[in-house]
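Coordinate analysis (summary)
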Amino acid sequence: MIERPIAHDLDSTPDEPRLHAAWRGVRDRVGERRRARRTRLVGGVALAAAVALGVGLLAWPMPETGPLRHADGEPLNAAESIAEPRALRLTDDSTIELDTGARIEPVRNDGERVELLLTRGRARFEVTPGGPRRWVIDGGFARVEVVGTAFVVERDERSLSVEVEHGRVRVIGDEVDRSLGAGEHIAIEAPVRAAIDSVPPPPAEAPPEETGPPTVQAPEPRETTAPSVSPAPATGEDPSELLRSADLARREGRMRDAIAPLEAVLRDHPDHAEAPLAAITLARIQLTLDDSAGALRSLRLARRLGVPRLFDAEVCASMAMVLDATGNREGARSEASACLGRHGTPPHLEELRRLVDAP
Amino acid sequence: MVAHDRAPSDETLVKRALASDAWAEEALFRRYAAQVLVLAERLLRRRSLADDVLQDTFADAFTKLETLRDPSAFRSWLFGIAVRRVRRQQRKLAMRRALGLDRSLDDATLAMVASSDCSPERLAELGRIDRILATLHPDQRNAWMLRRVEGEKLEDIASIVGCSLATAKRRIQAADVLVRGALGESR
């Protein structure tokens, strides 16, 4: 055990953006202390400290006890987004963003633990770190235990995927117990029995289901199913039908089949209320398929159509990443800088900082 | 002190920093920041707290640099500041846990920060060590980690944690017994 230092078995290379941010913090702290030292008068400092201590004690936020509620005081019950995405802000400042079709149900909600069941769909969670409650997201065939972090969980009948934007989560299932860090992604296939119990039989063209160890990817590959050979979903003139068709294809992992109905919505129904969301969804798919140029077009189109505030952070962060990928460094830097200015913790935070700080 | 080919020594950098040379301060940070961050992360088992410790450690060091009597001993002096900052965070964390204000999980245990080429058996072993370390008093755990994880010399550990050599040895030996027991090893 102890013959050689354990450090040889450990990862010991902190990322450069983290050290860069720390250096900025050190300079700020040293600057503050030196300024304070120059101007400080002993009596004044003692008085100020006493006043600050008093104010601090009065203003010290009392820890919340009892169940989490919506920020407006309403109790946290089952919630779903039917026609359009929803954002839930909770009393501890954590947020849950439900994509269309997603549903969550509180299983336990008290001063010690918040356990939410994601029954279907895709949801993004941003959990305020350091709170008194332990957060658990139950995805059916695996659970996600949360430290302070932001991450996305997507569940359908056959699989569960978890993608961490920043922070760290622990994913626990029958065959998996993994800790995921920023940028990492895991896709877990449903056990065959669970899938048979809960879903209708798959179409003949669908790839056979397999139960195997989960795959951890960091961070590029996202498509968990092989490119589908099934025909593209039927596309009608009705934009809602087209969107449903695209959503179904996406949830089943047939990413390429979702493109045509989304493009039809954008081409034939640009005034539809969900057209901006269709453009954002199309960009997500194109990013998944490494089509940076297509994603750039879709993101620009989404902006022209009007990005809902809920998605602004994702769009500006994705825009910066895509501009960088297409070689437009200056555009990427400008976009990243604007994004960091508007949002405290946008997706891809470290990459955005890297883009801003790049020489 | 660490030798750096063609790079100025710690002593030189400290003297230049004392003469208000901002470049020398940044050079000292660049030289030791990664080591301090990794050390803090491993001792605290929390990534977010380690960032704070890193910044406070260097802020303390640069504002108290004139109190360093031997500039060539900058590294162990800096690590001493870091460990004192870590202890302060450990006390706060223990208090928050006792009051029920923090129930979040550790995210930088040995098993969690193991390198990707670590074998499953070694990972399991690190997991067992983590469980034992969680039961130790922080002073005992810190001394053991400095010795067995970081590979520091006993004299340096005594200086870093601010205790006598005999105390440092006693803490490490006591932890060794428990860790070896958990791993099923004899002395």
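What this report covers is the structure whose coordinates are included nearby. Given the structure is predicted, the values throughout are model-derived calculations rather than measurements.

1. What about the overall build of chain B?
- The number of helices and strands found in chain B is eight helices and zero strands.
- In sequence order, the secondary structure elements of chain B are arranged as α-α-α-α-α-α-α-α.
- Per-residue burial over chain B gives 55% buried out of 187 residues.
- Expressed as a percentage of contacts within chain B between residues at least 6 apart in sequence, the contacts between residues at least 24 apart total 57%.
- Of the roughly 8800 Å² of accessible surface on chain B, a fraction of 50% belongs to carbon and sulfur atoms.

2. Comments concerning the interface of chain B and chain A
- Taken together, the contacts link 51 residues of chain B with 36 residues of chain A.
- For the pair chain B and chain A, the two sides together bury roughly 4000 Å², of which 56% comes from carbon and sulfur.
- Contact with chain A buries area across many residues of chain B, yet Gln55(B), Arg103(B) and Leu105(B) alone supply 18% of it, more than any other trio.
- Connecting chain B to chain A are nine salt bridges.

3. Some thoughts on the nonpolar core
- Counting residues in each nonpolar core, the largest one holds 66 residues, and the members touching the most others are Leu54(B), Phe58(B), Phe74(B), Ile129(B) and Trp144(B).
- A domain-level breakdown of this core finds at least three residues from each of domain 1 (1-107) and domain 2 (109-187) of chain B.
- Ranked by size, the runner-up nonpolar core spans 36 residues in total, among them Leu242(A), Ala246(A), Met255(A) and Ile259(A).

4. A few points about the packing of helix 1 (residues 16-39) of chain A against helix 2 (residues 22-44) of chain B
- The interhelical angle for the contact between helix 1 of chain A and helix 2 of chain B, taken along N-to-C directions, is 110°, at an axis separation of 10 Å. Judged by the angle between their axes, helix 1 of chain A and helix 2 of chain B are roughly perpendicular. Regarding helix 1 of chain A and helix 2 of chain B, the two cross each other, and that crossing is right-handed. Contacts between helix 1 of chain A and helix 2 of chain B involve Glu16(A), Arg18(A), Leu19(A), His20(A), Ala22(A), Trp23(A), Val26(A) and Arg34(A) from the former and Glu25(B), Glu26(B), Phe29(B), Arg30(B), Ala33(B), Ala34(B), Leu37(B) and Glu41(B) from the latter.
- Residue composition of the contact of helix 1 of chain A with helix 2 of chain B, by class: eight nonpolar, one polar and seven charged.

Conventions used here
Residues numbered from 1 in each chain as written. Chains lettered and ligands numbered in written order. Predicted model: local features only at pLDDT ≥ 70, side-chain atom pairs only at ≥ 80, totals over all residues. Heavy atoms only, no water. Helix = DSSP H or I, 4+ residues; strand = E, 2+ residues; numbered from the N terminus. Buried < 20%, exposed > 50% of the residue type's maximum accessible area, 1.4 Å probe, protein only. Contact = heavy atoms within 4.5 Å. Areas by Shrake-Rupley, 256 points an atom, 1.4 Å probe, with all protein chains shown as cover. Buried area = accessible area lost by both parts, 1.4 Å probe. Salt bridge = Lys/Arg side-chain N within 4 Å of Asp/Glu carboxyl O. Core = buried A, V, L, I, M, F, W, Y, C linked by side-chain atoms within 4.5 Å. Domains from an automatic or database assignment. Axes fitted to C-alpha atoms, helices over the stretch in contact; angles between N-to-C directions. Parallel < 35°, antiparallel > 145°, perpendicular 65-115°, else oblique. Left-handed = near helix turned anticlockwise from the far one by under 90°. Nonpolar A, V, L, I, M, F, W, Y, C, P; charged D, E, K, R; others polar.

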